[in-house]
Amino acid sequence: MKVIYSPDHRRHAPRYQFIGGGLRPNPEVPARAEAILRAIQGTYDVLPPRTFSMDAVRAVHDAGYLSFLEHVHAAWVDRGGGGETGLIPDTFAARASSRRPRDAVHQAGYYSFETQTPIVEHTFAAACQAAFCALTGAAMLLDGEPSVYALCRPPGHHAAGDLYGGYCYLNHAAAAAAYLSAGGRVAVLDVDYHHGNGTQSIFYGSDAVLFVSIHADPDFEYPWFSGHADESGEGAGRGMNVNLPLAIGTDETRYLETLDRALSEVDRFEPAFLVVSLGVDACREDPLGKFDLPAATFRTIGRQLARAALPTLLVQEGGYDLNSIGACVQNVLDAFGR
């Protein structure tokens, strides 16, 4: 399996998030990707991403939103902002009734849905390179590669067409799925501990992309407002969105049974390609998760994913325990066996 990785992710290094009434250390740090790279380097060929037109990103993101991400940090600094916190909004739009502010800095509250995802100087550049990693993997599948792993950072699955949050700015899995759709139908399977609310939003009305997600029940876990079992799509996409929420303390047996069910949904769709949002924060060691999966479970997850027998792009999402993230990802890739 080829691995796509860009060192430019290191340019996005937020130190803090605003949560629980104050500034706290941000767990979405460059060391996450470096820990994965150390675990798999020497076993897999590691390649740099290709450069793509931003049209491939605009396929899933609003042009105004992309312009905001590209320019807002400089506008904030010109306004007297700066420092270690990054740009964190203090006022949020009620989208049903709010118009986008003309002022770029105040657009942060229009385009963000929480305070845990600061924008620092090189956030946009790093997010673009992460998207290019996923798009490179998609292009390789179209060229006949059987499987590719995109080591993306920052993650992406919480980013919607014009919203950022959950440490995510651009939705790499969605961009890759849209790119792959030129070659046939695409299924996106999200196994991150948290629901991929951004990916769901992007494809909620689509009949070309099936979205299936296994995640913590939003009644007790972030992102709280998305991921319930009755969210099944709308319009042309009705029935194309499958959420499989699980309870606190979910163990290996229950999780793997649910993964079998998710893969049955993928199989019924008969896609030409599979995109996996590979979060490993379902591991019992993860500080942001409450499932009870040992790192060894990810070998079985890799084997089950491989049995789908589809050209597959694995896109890195969450995973925040620096001592286990590398082993979890390595277990998936080694067991995938292609």
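What counts and what doesn't
- Residues numbered from 1 in each chain as written.
- Predicted model: local features only at pLDDT ≥ 70, side-chain atom pairs only at ≥ 80, totals over all residues.
- Heavy atoms only, no water.
- Helix = DSSP H or I, 4+ residues; strand = E, 2+ residues; numbered from the N terminus.
- Rg over C-alpha atoms; globule rule 2.2 N^0.38 Å.
- Buried < 20%, exposed > 50% of the residue type's maximum accessible area, 1.4 Å probe, protein only.
- Contact = heavy atoms within 4.5 Å.
- Lys, Arg positive; Asp, Glu negative; His and termini not counted.
- Charge placed at Lys NZ, Arg CZ, Asp CG, Glu CD.
- Expected span 1.5 Å × (residues − 1).
- Polar contact = N/O pair within 3.5 Å; in protein donor to acceptor, adjacent residues only side chain to side chain.
- Pairing = 2+ DSSP bridges.
- Axes fitted to C-alpha atoms, helices over the stretch in contact; angles between N-to-C directions.
- Phe/Tyr/Trp six-rings, centres within 6.5 Å; stacked < 30°, edge-to-face > 60°.
- Lys NZ or Arg CZ within 6 Å of the ring centre and 35° of its normal.
- Disulfide = S-S within 2.5 Å.
- Parallel < 35°, antiparallel > 145°, perpendicular 65-115°, else oblique.
- Left-handed = near helix turned anticlockwise from the far one by under 90°.

Draft legend 1. Up close: the overall build of the protein. Looking only at helices and strands, the protein has ten helices and ten strands in total. Against the compact-globule benchmark of 20 Å for 338 residues, the protein has a radius of gyration of 18 Å, which places it among compact chains. Counting only C-alpha atoms, the protein reaches 55 × 45 × 40 Å along its principal axes. Considering the protein as a whole, with its 338 residues, one finds that 57% of them fall into the buried category. In the protein, the share of contacts with a sequence separation of at least 24, taken over all contacts with a separation of at least 6, comes to 78%. Averaging the positions of the 26 positive and the 39 negative side-chain charges in the protein gives two centres separated by 2 Å.

Draft legend 2. Region of the structure containing helix H3 (residues 63–78). Its 16 residues place the ends of H3 23 Å apart at the C-alpha level, agreeing with the 22 Å of an ideal helix rising 1.5 Å per residue. All of the buried residues in H3 are Tyr65, Leu66, Phe68, Leu69, Val72, His73 and Trp76. Here the buried face of H3 lies against helix H2 (55–58), helix H4 (108–111) and helix H5 (123–142). One side-chain oxygen at the N-terminal end of H3 lies 3.0 Å from the backbone nitrogen of Gly64; it belongs to Asp62. One or two positions beyond H3, positive phi appears at Gly80, with a value near 105°.

Draft legend 3. The arrangement of the sheet that holds strand E6 (residues 186–190) in detail. Spatial strand order, E4-E1-E5-E10-E9-E6-E7-E8: eight strands in an open sheet with parallel pairing. Each of the sheet's edge strands pairs with one partner strand only, and the pair in question is strand E4 (46–47) and strand E8 (241–246). Direction of pairing for strand E1 (residues 2–4) relative to E4: parallel, over a ladder of two bridges. Following the sheet pairing, Val3 is matched in E4 by Val46. This element, helix H6 (residues 172–180), spans E6, strand E9 (273–278) and strand E10 (312–316) of the sheet and lies at about 175° to E9.

Draft legend 4. Structural detail: the packing of aromatic side chains. Under the definition given, this model contains ten aromatic pairs. With 5.7 Å between their ring centres and 25° between their planes, Tyr164 and Tyr169 make a pair best called stacked. The same class applies to Tyr164 and to Tyr169, which are both buried. Of the aromatic side chains, those joined through ring pairs into one cluster are Tyr65, Phe68, Tyr110, Tyr111, Tyr164 and Tyr169. In this arrangement the basic side chain of Arg185 is found over the ring face of Phe269, its NZ or CZ atom lying 4.0 Å from the centre.

Draft legend 5. Molecular detail of the environment of Glu252. Among the structural elements, Glu252 can be located in helix H8 (residues 252–269). For the pair Glu252 and Leu293, spaced 41 residues apart in sequence, the C-alpha to C-alpha distance is 5.4 Å. Setting aside residues up to four positions removed in sequence, Glu252 forms contacts with Asp292, Leu293 and Thr297. A distance of 2.7 Å separates polar atoms of two side chains, one belonging to Glu252 and the other to Thr297.

Draft legend 6. Inspection of the environment of Tyr111 at higher detail. Counting through the fold element by element, Tyr111 comes out in helix H4. Spatially, the C-alpha atoms of Tyr111 and Ala159 are 10.0 Å apart, while their sequence positions differ by 48 residues. Residues in contact with Tyr111, not counting those within four places in the same chain, are Asp62, Gly64, Tyr65, Phe68, Arg95, Arg100, Asp162, Leu163 and Tyr164.

Draft legend 7. Representation of helix H9 (residues 297–306). Within H9, seven of the ten residues are buried, which leaves the element mostly enclosed by the surrounding structure. Buried-residue contacts for H9 involve E6, H8, E9, E10 and helix H10 (325–336).

Draft legend 8. Spatial organisation of the state of the cysteines. Summed over the entire model, instances satisfying the criterion amount to zero disulfides. Not engaged in a disulfide, the cysteine Cys168 finds its nearest cysteine sulfur in Cys152; these two sulfurs lie 11 Å apart. Overall, Cys168 belongs to the buried group, its relative accessible area being 0%.

Draft legend 9. The arrangement of the packing of H8 against H9 in detail. Here H8 crosses H9 at 15°, and the two axes come no closer than 11 Å. Relative to H9, the element H8 lies roughly parallel. Read as a crossing pair, H8 and H9 show a hand that is right-handed. From H8, Glu252, Tyr255, Leu256, Leu259, Asp260 and Leu263 reach across to H9, where they touch Thr297, Thr300, Ile301, Gln304 and Leu305.

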